[in-house]
Amino acid sequence: MAIERTLSIIKPDATRRNLTGAVADRLERAGLRIVAQKRLRLSRAQAEAFYAVHRERPFFNDLCTFMTSGPVVAQVLEGDNAVAKNREVMGATDPAKAAAGTIRKDFAESIEANSAHGSDSIENAAVEIAFFFSAIEIVG
């Protein structure tokens, strides 16, 4: 197994309902270590930059509006196959299709307000981590 790092974002619907600790607990119980963490409120420009890959998709505007609607918690997770493990713990994007016991099945309000974001590849994880964290903020 390979030790990897991935980005996790606890989204505004979860922070609004004080689920930050519950989400972090699920990640840690799955064997992922939180090696960096910060709570912040994204500006519209930051949300648009972070989700630029989706700019042409019909949900882009609503996604950016949602992600700026309240605070988020950005985290760097580290562990064996961290990208895949985080995605497994989060569950499917659509909470109606997510497996029982996953973050999205248990906490999401909708497909948009689905409580968590996670990098989808090692390459994207590196880009996404660098968007939120400098090297000095990541403590293994």
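For the structure itself, consult the block above.
Concerning the environment of P71
(1) Moving on: Secondary-structure assignment places P71 in the loop between α4 (60-67) and β3 (72-80).
(2) Moving on: Note on P71: relative accessible area 26%, which makes it partly exposed.
(3) Moving on: Along the sequence, P71 and D13 sit 58 residues apart, while their C-alpha atoms lie 9.0 Å from each other.
(4) Moving on: Setting aside chain neighbours within four positions, we find P71 in contact with K11, P12, T15, R39, L40 and R41.

Side note on α4
(1) Moving on: If you check which residues of α4 are buried, you get F60, L63, C64, F66 and M67. Down the axis of α4, the smallest arc covering the buried residues is 160°, so these residues share one side.

Digging into the pairing of β3
Walk down a regular strand and you will see the side chains alternate between the two sheet faces.
(1) Moving on: The buried count for β3 comes to eight of nine residues, which makes it a mostly enclosed element.
(2) Moving on: Two strands pair when backbone bridges link them, and strand β1 (residues 3-10) and β3 are joined in this way by eight bridges, in the antiparallel orientation. Counterpart to S8 in the pairing with β3 is Q75.
(3) Moving on: Sheet topology places strand β2 (residues 33-40) next to β3; seven bridges connect them, and they run antiparallel. For Q37, the partnering residue across the bridge sits in β3 and is Q75.

Some remarks on the environment of L27
(1) Moving on: Along the polypeptide, L27 turns up in helix α2 (residues 20-29).
(2) Moving on: A sequence separation of 59 residues divides L27 from N86, and the C-alpha atoms of the two residues are 7.0 Å apart.
(3) Moving on: In this structure, L27 is in contact with S8, L32, Q75, L77, N86, V89 and I103, ignoring residues within four places of it in sequence.

Observations concerning helix α7 (residues 122-132)
(1) Moving on: Turning to α7, its buried residues are A125, E128, I129 and F132. Projected onto a plane normal to the axis of α7, the buried residues spread over an arc of 100° and lie on a single side. Exposed residues lying more than 90 degrees from the buried face of α7 are E123, V127 and A130.
(2) Moving on: Against β1, β2, α3 (44-50), β3, α5 (82-90) and β4 (116-118) lie the buried residues of α7.

Here we look at the pattern of salt bridges
(1) Moving on: Taken as a whole, this structure holds ten salt bridges when the rule is applied.
(2) Moving on: E78 serves as the salt-bridge partner of R5, at 2.8 Å between the closest nitrogen and oxygen. With R5 in strand β1 and E78 in strand β3, the pair connects residues that are 73 residues apart, well separated along the chain.
(3) Moving on: Residue E109 is joined to R16 by a salt bridge in which the shortest nitrogen-to-oxygen separation is 2.7 Å. Of this pair, E109 sits in the loop between α6 (103-107) and β4 while R16 sits in helix α1 (residues 12-16), placing them 93 residues apart in sequence.

What about the sheet that holds β3?
(1) Moving on: Strand order in this open sheet of four strands is β2-β3-β1-β4, and the pairing throughout is antiparallel. Edge positions in the sheet fall to β2 and β4, since each has one partner strand and no second. Between one strand and the next, the sheet's axes are offset by a mean angle of 20°, whatever the strand orientation.
(2) Moving on: Where α2 meets the sheet, its contacts fall on β1, β2 and β3, and the angle it forms with β3 comes to roughly 10°.
(3) Moving on: Across the sheet, α7 lies against β1, β2, β3 and β4, angled at about 55° from β1, the strand it touches most.

Cut-offs and rules
Residues numbered from 1 in each chain as written. Predicted model: local features only at pLDDT ≥ 70, side-chain atom pairs only at ≥ 80, totals over all residues. Heavy atoms only, no water. Helix = DSSP H or I, 4+ residues; strand = E, 2+ residues; numbered from the N terminus. Buried < 20%, exposed > 50% of the residue type's maximum accessible area, 1.4 Å probe, protein only. Contact = heavy atoms within 4.5 Å. Arc of directions from axis to C-beta. Pairing = 2+ DSSP bridges. Salt bridge = Lys/Arg side-chain N within 4 Å of Asp/Glu carboxyl O. Axes fitted to C-alpha atoms, helices over the stretch in contact; angles between N-to-C directions.

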